[in-house]
Amino acid sequence: MKGVRFVEHTYKMNSVVLIIKDSVFQQLISHRQYERSKAESGGLLIGRTDINGNTRIYEITEPMEEDVQKYMIFKRKDKKHLAYLSEANKRCLYFKGNWHTHPQDIPSPSWIDKMSWSRSIKVSKPGESKYIFFIIVGTREIKVWCGDMKTLEISEMLYQIER
């Protein structure tokens, strides 16, 4: 379609590429913790990896009734996240990682985040991907980290400005 432009948000680290659909990016932004009264949010990243190894995030799960949400804590407890993922699998969309918010302008992972991510790399099965992704939504920026399923290393990805 001539003149139609699809907005996507791209993060890169070496040859690893994560592309987030704009509607998903806007969903993530909607959970920013601008006030102390707003609890942390989180959920699953759902997408697919193409034949070139690029991963696209098409959907996320959002906080659900049985999740634990406090100002500095989010624990995904509701089984409906996995039920949603099961339905997504039928549409060839798979688990690609986790996201949550932090009440920081420029978010950085806590010690608890790092421990959780290390555990996730060892037990997760992100579809056909060699990587698992972790997103932290801050009040000004959204940061992404990539976990290598083979080496178990976690590295920050860089946001790519479209030119």
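Residues numbered from 1 in each chain as written. Predicted model: local features only at pLDDT ≥ 70, side-chain atom pairs only at ≥ 80, totals over all residues. Heavy atoms only, no water.

Student: Quick rundown of the overall build of the protein? Include the residues and the values.
Tutor: Check the secondary structure of the protein and you find three helices and 10 strands. Along the protein, helices and strands appear, N-terminal first, in the series β-β-α-β-β-β-β-α-β-α-β-β-β. Rg of the C-alpha trace for the protein: 15 Å, near the compact-globule value of 15 Å for 163 residues, within the 12% margin. Principal-axis analysis of the C-alpha atoms places the extent of the protein at approximately 45 × 35 × 30 Å. Residues classed as buried in the protein amount to 44% of the 163 residues present. Pairs at least 24 apart in sequence give 63% of the contacts found in the protein among residues at least 6 apart. As displayed, the protein offers around 9,700 Å² of accessible surface, 52% of which is attributable to carbon and sulfur atoms. Counting 27 positive and 20 negative side-chain charges, the protein places the averaged centre of each group 3 Å from the other. (Helix = DSSP H or I, 4+ residues; strand = E, 2+ residues; numbered from the N terminus. Rg over C-alpha atoms; globule rule 2.2 N^0.38 Å. Buried < 20%, exposed > 50% of the residue type's maximum accessible area, 1.4 Å probe, protein only. Contact = heavy atoms within 4.5 Å. Areas by Shrake-Rupley, 256 points an atom, 1.4 Å probe, with all protein chains shown as cover. Lys, Arg positive; Asp, Glu negative; His and termini not counted. Charge placed at Lys NZ, Arg CZ, Asp CG, Glu CD.)

Student: So, the nonpolar core: which residues are in play, and what are the values?
Tutor: In terms of nonpolar packing, the biggest core is built from 20 residues, with Tyr 11, Leu 18, Ile 20, Leu 28, Phe 133, Ile 135 and Met 157 touching the most fellow members. When residues of this core are traced back to their parent elements, those giving at least two are β1 (8-13), β2 (16-21), α1 (22-29), β4 (55-60), β8 (131-137) and β9 (142-148). When residues of this core are assigned to their parent elements, the largest contribution, four residues, is made by β8. Look past the residues within four positions of Leu 28 in its chain and what remains in contact with it is Ile 60, Trp 99, Ile 135, Val 137 and Ile 142. Core analysis: the next-biggest nonpolar cluster, separate from the first, contains 12 residues, Leu 44, Ile 46, Ile 121 and Ile 132 among them. (Core = buried A, V, L, I, M, F, W, Y, C linked by side-chain atoms within 4.5 Å.)

Student: I'd like a description of the sheet that holds β1, backed by residues and values.
Tutor: Strand-to-strand pairing in sheets goes through backbone hydrogen bonds, with the strands running parallel or antiparallel. Strand order in this closed barrel of eight strands is β1-β2-β4-β3-β7-β8-β9-β10, and the pairing throughout is mixed. Sheet twist, expressed as the average angle between the axes of neighbouring strands with direction ignored, equals 30 degrees. Across five bridges, the pairing between strand β3 (residues 42-49) and β4 is antiparallel. Looking across to β4, one finds that Thr 49 is bridged to Thr 55. Sitting on the sheet, α1 touches β1, β2, β4, β7 (94-101), β8 and β9, and the angle it makes with β2 is about 80 degrees. Where helix α3 (residues 111-123) meets the sheet, its contacts fall on β7, β8, β9 and β10 (154-160), and the angle it forms with β8 comes to roughly 155 degrees. (Pairing = 2+ DSSP bridges. Axes fitted to C-alpha atoms, helices over the stretch in contact; angles between N-to-C directions.)

Student: Explain the layout of surface pockets residue by residue, including any values.
Tutor: The space that makes up the largest pocket amounts to roughly 850 Å³. Phe 74, Lys 75, Arg 76, Asp 113 and Ser 116 are, among the 28 residues lining the largest pocket, the residues nearest its centre. Every element with two or more residues in the lining of the largest pocket is listed here: β3, β6 (73-75), α2 (80-89), β7 and α3. Sort the elements by how many residues they give to the lining of the largest pocket and α3 lands first, with six residues. When grouped by side-chain class, the residues that make up the lining of the largest pocket number 12 nonpolar, eight polar and eight charged. (1 Å grid on protein atoms, 1.4 Å probe; cavity = no way out; pocket = protein on both sides within 12 Å on 5 of 7 lines; lining within 4 Å. Points joined across faces, edges and corners; volume = space filled by probe spheres on them. Nonpolar A, V, L, I, M, F, W, Y, C, P; charged D, E, K, R; others polar.)

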